[in-house]
Amino acid sequence: MSIQQEKIKDLVERRSSARLGGGRKRIEDQHAKGKLTARERLTLLLDEGSFEEFDMFVHHHCTDFGMDKSHPDGDGVVCGRGTIDGRIVYVFAQDFTVNGGSLSKTMGAKICKVQDMAMRYGAPVIGLNDSGGARIQEGIDALAGYGEIFERNILSSGVIPQISAIMGPCAGGAVYSPALTDFTIMVRDSSYMFLTGPAVVKSVTGEVVDQETLGGADVHAGKSGVAHFAAEDEKDAIGIIRALLGFLPQNNRDRAPLKPTEDPFGRSDDALNEIIPDNPNKPYDMYEVIFSIVDDGQFLEIHREFARNIIVGFAHMGGRSVGIVANQPMSGAGVLDINASRKAARFVRFCDAFGIPLVTLVDVPGFLPGTQQEYAGIISNGAKLLYAYGEATVPKVTVTLRKSYGGAHIVMSCKQLRGDINYAWPSANIAVMGADGAVGILFGKEFKSETDPDKLAELKEARKKEYDDLFCNPYQAAQKGYIEDVIEPRNTRFRIIRALIALENKRPELPDRKHGNIPL
Ligand code: HXC
């Protein structure tokens, strides 16, 4: 064997040893918990044979607490570049088999290199997190490593899409970095997010809690809203990442890819002419409207389990990627509360940052009143959505299906918030409030002076009809130019697509400023 061949053999051996991370026993433990290894995850995520690994032989430099006795190649994170559906992405996957995936100074440097490359070359960055956070043995060096990552998360925000998957118990920096990214996907029954795990919680506060209750996928997808998706298993989580990227551009100067479709642009749907119930208090399912108008009935919902009174997600319309925001009458009558406002505001801002047009479907009775909401700050939280829509410069097409009352009417992408094309169905009611509330305020004295119950009921009905005739329709708004047109529901798909085509070259107009001060 020549010297060159010997060196090549040595390289091959070094590579296969590096690929073992924390060793066979720990890989078996990982599998026994139903988890894949970092490399197995990347194999699933990336197009076959596309992965180019960086920094496989990097070692940590820590000498404290016996760390000088072990220097696993790669230091607990697999980094590199690959493709998803032929498009470049930068990736890192933490390896729990090496010191619980905890972040050393050198692991931090590896991740930062990936983030820097993604920014420099304008491609999404995907992090597969499986880490106990800052490596305790490295002290301030580990914290500094996270500081460097966070700063890059922040500077990359709105420039390249950042996607985080949580694939195991993640704590400290391993949850704060995902929180700074655009989308977080958790895996049910095997991934957890918390500041620190149950053992430390018990020692600090005395609270006894298990990982699932503290920060399981359902907790964060349904209660806190920290996670955008709760996947059934790791394969499902990776499928979600791949699907999500199909709607996104590579960076903020790029356009999202067109998706060819056989679904005719001009397709109409007679069922939409029947969908609004006669009784205004009866709900209908907004999903039926969404599935009807988008290409091929395909809709990728974000934050499905959180604030179900509003629906947000991606679809294609006429082949173009769009962000859909829709009130859901089936859940709390589609009312806007704190969580719904936060959820939609964040989505609107993502779409705006990445040039994805917004399609808004309105059926909203108003903001949710009451002490619970007031004490928790419905005013500043509702203002987030107002701010997000008002600031957004992407094409904004809005269709009001039924109720659009008061402040909630303004918030949901109305004309005065620079809505580009605003349509309404004939069933739309665009008013300060619904008839029941309005007549009570306007004619309260008159009602009080009527003592005969039958006459009072008659009077209330007459006043309500008067109010309904005047305000509970789309024509007052149409007469004043607050909407462009009243459209037949069956034509909603092609009216929106036509508008999107017309708005394709919209020029953003914003005042010269460093940045605004959204009510966070
Ligand atoms: C060093 C760590 C570690 C860490 C885990 N390990 N976390 N080593 N630093 N942060 C090691 C363990 O010692 C163990 O090594 C192996 O990883 C697996 O950990 P286990 O505890 O056995 O696993 P499990 O029971 O599944 O629990 C996982 C866990 C728990 C929930 C993540 O380890 C945990 O609570 N870790 C501490 C989490 C934490 O408080 N992080 C915050 C850091 S501060 P051996 O060799 O025994 O198998 C931080 C600040 C960032 O990140 C800034 C935020 C703004």
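Quantities reported herein were computed from a predicted structural model and do not represent experimental measurements.

S.K.: Can you tell me about the pattern of salt bridges, naming the residues and giving the values?
M.R.: One pass over the full model with this rule turns up 33 salt bridges. Of the charged contacts in the structure, one is a salt bridge between E466 and R463, with a shortest N-O distance of 2.8 Å. Here the residue E466 and the residue R463 both occupy positions in helix α18 (residues 453-471), the gap between them amounting to three residues, near one helical turn. Taking relative accessible area as the criterion, E466 reaches 43% and is therefore assigned partly exposed. The salt bridge involving D485 is made with R495; its shortest N-O contact spans 2.9 Å. With D485 in strand β17 (residues 485-486) and R495 in helix α20 (residues 492-502), this residue pair connects regions lying ten residues apart in the sequence. Salt bridges linked by common partners bring K35, R41, D130 and E234 together as one network.

S.K.: Tell me what's going on with the pairing of strand β12 (residues 320-327), and back it up with residues and numbers.
M.R.: Across the eight residues that make up β12, a large majority, eight, are buried. Of the two faces of β12, the one lined by R320, V322, I324 and A326 and the one lined by S321, G323, V325 and N327 are each fully buried. Sheet analysis places strand β11 (residues 310-317) next to β12, joined by eight bridges and oriented antiparallel. Looking at β12, one finds that A315 is bridged to V322. Between β11 and β12, which pair antiparallel one after the other, the connecting turn spans two residues, and G318 there sits at a positive phi close to 60 degrees. Direction of pairing for β12 relative to strand β13 (residues 358-364): parallel, over a ladder of four bridges. In the sheet register, G323 faces β13, and the bridge partner there is L358. On the question of chirality, the crossover connecting β12 to the parallel β13 by way of helix α12 (residues 338-353) is right-handed.

S.K.: Explain unusual backbone geometry to me, and be specific about the residues and the numbers.
M.R.: We note that H303 has phi near 55 degrees; this positive angle belongs to a residue other than glycine. For H303, a relative accessible area of 6% corresponds to the buried category. In this structure, S413 takes a positive phi of about 60 degrees despite not being glycine. Here S413 lies in the loop between α15 (406-411) and β15 (421-424).

S.K.: Can you break down the packing of aromatic side chains residue by residue, with the values?
M.R.: Summed over the entire model, instances satisfying the criterion amount to eleven aromatic pairs. Measuring from ring centre to ring centre gives 5.7 Å for F247 and F314, while their planes differ by 20 degrees; the resulting arrangement is stacked. Linking F247 in the loop between α10 (234-245) and α11 (286-293) with F314 in strand β11, this pair joins segments that are 67 residues apart in sequence. Per residue, the accessibility class of F247 equals that of F314, and both read buried. Measuring from ring centre to ring centre gives 4.8 Å for F350 and F354, while their planes differ by 35 degrees; the resulting arrangement is tilted. Taken individually, F350 and F354 each receive the classification buried, so the pair is uniform in this respect. A network of ring pairs unites the aromatic residues F183, F247, F314, F347, F350 and F354 as a single cluster. The residue whose ring lies beneath R463 is F443, and the NZ or CZ to ring-centre distance is 4.3 Å. A cation over an aromatic ring shows up here: R495 above the ring of Y423, its NZ or CZ 4.9 Å from the ring centre.

The rules behind these values
- Residues numbered from 1 in each chain as written.
- Predicted model: local features only at pLDDT ≥ 70, side-chain atom pairs only at ≥ 80, totals over all residues.
- Heavy atoms only, no water.
- Salt bridge = Lys/Arg side-chain N within 4 Å of Asp/Glu carboxyl O.
- Helix = DSSP H or I, 4+ residues; strand = E, 2+ residues; numbered from the N terminus.
- Buried < 20%, exposed > 50% of the residue type's maximum accessible area, 1.4 Å probe, protein only.
- Pairing = 2+ DSSP bridges.
- Right-handed = clockwise from strand over helix to strand, strands pointing away.
- Phe/Tyr/Trp six-rings, centres within 6.5 Å; stacked < 30°, edge-to-face > 60°.
- Lys NZ or Arg CZ within 6 Å of the ring centre and 35° of its normal.

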